[in-house]
Amino acid sequence: MRVAYFSPLPPERSGVADYSALLLPALQERMDVTVVRRGAKKPPRGTDVALYHVGNNPEAHGWIVDALRRRSGIVVLHDFVVHHLIAGTTLGRGHSEAYLDAMQRDGGVLGRLLAHGVVDNLLPPIWEERAQDFPLTREVLDQAAGVICHSRYVERLVREYGYEGQISVIPMAAWPSVELGERLVPEGRSPVIVCVGYLNAGKRVPQLLAAFEQFRTRFPNALLVLAGTAASDVRIDAESLGEGVLRLDHLDEADLWRLLDDCDVCVSLRWPTMGETSGMAIRALSLGTPLVVSDVGWFSELPDSVAIKVPVDEHEVRTLTAALEQLGGDEALRREMSAAATGYARREHDLGRVADLYVAAIEEMAGGPSVRQAVLSDVARAAHDVGIDKNDAQLSEIAASVREVGLGN
Amino acid sequence: MRIAVCAPQVPFERGGTEILAEMLTRQLRERGHEVDEVRVPFKWYPGARVLSEALVWRLLDLDLEDRPVDLVIATKFPSYAIRHPKKVVWLVHQFRQAYELDGPEFGQFSQAPFDRATVRSIHRVDRKVLGEADRLFAISQNVADRLERSTGLVAEVLPPPPQQLDYRPATEDGGDFILSVGRLDRAKRVDLLLEAAAVDTSLQVVVAGDGPDRERLERLSAKHRLNGRVTFAGRVTDDALVDLYARCLAVYYAPFDEDFGFVPYEAFLSEKPVVTTRDAGGPLEVVVDRQNGLVSDPVPEAVAAACSWLTAHPDRARAWGRAGKETAERITWDAVVDRLVGS
């Protein structure tokens, strides 16, 4: 079977590009995969099924959604909320009517009216504040022959959204071996806490800074490293940061790994969540770095043995401070969590296992409907031959058996 | 106890599973149980027909009000799809073409999306219907390992005793030919023995059994001018089989990744050593190199060398055959029935 693979790839800077760079070789060892060049409008001739990696960034994924609209296929849904993506591929291209339609499909008349407000510059963009209320995922799911996602959380959201096709939950893959760059953290500081990635309000940076300030009163030698490009909605320039905070810009992979390896705790907070999985958290797990995460979405599904979870509520800063203090003051706990993290990453996020799950999902989704149809035709023909028609009770029993052994829809 | 023994039946075929189901039924009856065999014809092609066959088993209803069935013992795909509150599976094998035989050499499914999805659907059915069994047993470690690899399900190993024939000990002067027993299909790799006979021109071979690969094997024999040294005996009676076992020097049995294989046990009960190969699967659980047989690389030269060595060392061949008999006699129906019924 030949698979057409649509995804951003390095040197593009995106989590999905990094993910695909890791996954692709393992997948190509197992099946015939053709990587589709950026901007292609449809799958190459001769391919049997297309795999579309869809995330919320219109720059990285706009062309992929365009291709998906032309030819349905399997969607790897990296974010459940794709409002920003859909806005970028409609409004962003001057197609305001398409955006209005998408909003109406998602939110009815209210959705359309709000969209009008955005189009006419009367309301702030919805994707900045209320994207999770209007995820616009339907624009993607309507064309999906099957969905692959990385968490039970997203699976549940997709089902609640009304999608009836097959869904496979496949964990993100962990990086099996890495190259470490130069040490970035000054010697002699402890404990070292890092927060890495695109730094915005959604990563709870203000809450982290507030918690760290309190934490430092008990751990004056502690260091907080904030690494990554900063969004405009948070102020984390060098002048605004207090003592004990090191600000680093975007890091290349080797430096990133070194930083995660040198730290004592990795903080990966999120709210609102777009249903995403954190590549950074996976990296930290594979190195055995204890995690502190928000108790939301995919992060909630992490075992308690590898991550301390902080609810997003009015006590968030206090709980976060307590979590940091617990880890900062207990080296034995950190060691215990570290061992659990590497074991969990090896077991759950093993690259070979993930690639095998991909092959199984692709094969089931590509040919599954035809197979089920063939079996049901067999049954229907036999039923018809003996005079059972579709309204007979016996047929319900047969249908139940079909579903019971996993052959039904 | 009222017990249903379930097995698929390839029409007009009689192989290992059929024999196993018959023997189990007889042994259960001898121990006072009321037993019936449930057989459904099995056809595994074209397309997704194999899945419809699983569904046929699923639709069987053994929940009889006046004569309730206390226990169902299912044996191989798709019979274990049957639904019953007390289901024990004694796994002979899954549908191997969807697992270890899936590939261009032995498989039936191509790389087309429909075929790939059929394979995945078989896996899904297996996970469901084997997962719901009260207890899972496998006839060999090889079968248990495959099951665990493919579904994550763990089965206890419970090897079946071979069919009870009137096995005779080896004749004093030993035999002079290598005997191959079994259905003639590619996976049994009788061609490897014929190629070995072409390498060592002193080897005498008798091939007992019939099957779809016979014509090709006969052509291969003619091509290597083995006529006179290789005899195709066809399907033989039980008496003739016992006689062949008694008169041969050693038994060749080297299928590719076999589930279990009764043949080595039958050979041992006839006090004959077994020549097998490192990739034979189930037979390797009972054939121990240089203790009760020889385990060679799966190439004609190595198989020829093993057979030649036995020809040159008849005393060792007899001693190894006797050692094998002790191993084979340890597997009894009492133990099998206790575990299946008592579980």
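Cut-off values and rules
- Residues numbered from 1 in each chain as written.
- Chains lettered and ligands numbered in written order.
- Predicted model: local features only at pLDDT ≥ 70, side-chain atom pairs only at ≥ 80, totals over all residues.
- Helix = DSSP H or I, 4+ residues; strand = E, 2+ residues; numbered from the N terminus.
- Rg over C-alpha atoms; globule rule 2.2 N^0.38 Å.
- Buried ≥ 20, exposed ≤ 12 C-beta atoms within 10 Å, placed from the backbone.
- Contact = placed C-beta atoms within 7 Å.
- Pairing = 2+ DSSP bridges.
- Axes fitted to C-alpha atoms, helices over the stretch in contact; angles between N-to-C directions.
- Parallel < 35°, antiparallel > 145°, perpendicular 65-115°, else oblique.
- Left-handed = near helix turned anticlockwise from the far one by under 90°.
- Nonpolar A, V, L, I, M, F, W, Y, C, P; charged D, E, K, R; others polar.
- Expected span 1.5 Å × (residues − 1).

Student: Looking at this structure, I do not really get the overall build of chain B. What am I missing?
Tutor: The helix and strand inventory of chain B stands at 11 helices and 12 strands. Relative to the compact-globule value of 20 Å for 343 residues, chain B shows a C-alpha radius of gyration of 21 Å, a close match. Its C-alpha atoms give chain B principal-axis dimensions of about 65 × 50 × 35 Å. Residues counted as buried form 49% of the 343 residues belonging to chain B. In chain B, of all internal contacts separated by at least 6 residues, the share reaching a separation of at least 24 is 68%.

Student: Help me understand the sheet that holds strand β2 (residues 32–35) of chain A in this model?
Tutor: Sheet strands line up and pair through hydrogen bonds in the backbone, either parallel or antiparallel. Residue and element names in this part refer to chain A. Read from one edge of the open sheet, 6 strands run β2-β1-β3-β4-β5-β6, paired in parallel fashion. Strand pairing shows two members of the sheet lacking a second neighbour, β2 and β6 (167–169), which therefore form its edges. With strand direction ignored, the average angle separating the axes of adjacent strands in the sheet is 25°. Strands in contact with helix α14 (residues 351–385) are β1 (2–6), β3 (49–54), β4 (73–77), β5 (144–149) and β6; relative to β5, the strand with the most contacts, it is inclined by about 160°.

Student: Can you help me understand the packing of helix α8 (residues 205–218) of chain A against helix α12 (residues 316–328) of chain A in this one?
Tutor: A pair of packed helices can be characterised by two numbers: the angle between their axes and the separation between those axes. Residue and element names in this part refer to chain A. Running from N to C, α8 and α12 point in directions that differ by 45°, and their axes come no closer than 8 Å. Comparing the axis directions of α8 and α12 gives the class oblique. The handedness of the crossing between α8 and α12 comes out as right-handed. Across the interface between the two elements, Gln207, Leu208, Ala210, Ala211, Gln214, Phe215 and Arg218 from α8 touch Glu316, Val317, Leu320, Thr321, Leu324, Glu325 and Gly328 from α12. Of the residues that constitute the contact of α8 with α12, the class distribution is 7 nonpolar, 4 polar and 3 charged.

Student: Would you explain the sheet that holds strand β5 (residues 135–138) of chain B in this entry?
Tutor: Residues and elements named next belong to chain B. Read across the open sheet, the 6 strands follow the order β2-β1-β3-β4-β5-β6; overall the sheet is parallel. Each having just a single partner strand, β2 (34–41) and β6 (156–157) make up the two edges of the open sheet. Two elements, strand β1 (residues 2–9) and β2, share 8 bridges in a ladder whose sense is parallel. By the bridge assignment, Pro8 is partnered in β2 with Val40. Lying on the sheet, helix α4 (residues 141–151) is in contact with β4 (87–91), β5 and β6; it crosses β5 at an angle near 130°.

Student: Would you take a moment to explain the pairing of β5(A) for this structure?
Tutor: Each regular strand carries side chains that alternate between the two faces of the sheet. All names here are of chain A. For β5, the buried fraction is high: 5 of the 6 residues fall into the buried class. Pairing geometry for β4 and β5, over 4 bridges, is parallel. Among the inter-strand pairings, Gly73 is bridged to a residue of β5, identified as Ala144. Inspection of the sheet shows β5 paired to β6 by 3 bridges, in the parallel sense. Among the inter-strand pairings, Val147 is bridged to a residue of β6, identified as Ile167.

Student: Is there a simple way to think about helix α2 (residues 58–70) of chain A in this case?
Tutor: Quick reminder: α-helices carry 3.6 residues per turn. Residues three or four places apart thus point the same way. Residues and elements named next belong to chain A. Taking 1.5 Å as the rise per residue, α2 with 13 residues should run 18 Å; its terminal C-alpha atoms sit 17 Å apart, in good agreement. Buried within α2 we find Pro58, Ala60, His61, Ile64, Val65, Ala67 and Leu68. Lining the buried residues of α2 we find β1, α1 (15–30), β3, β4, α3 (83–89) and α6 (138–141).

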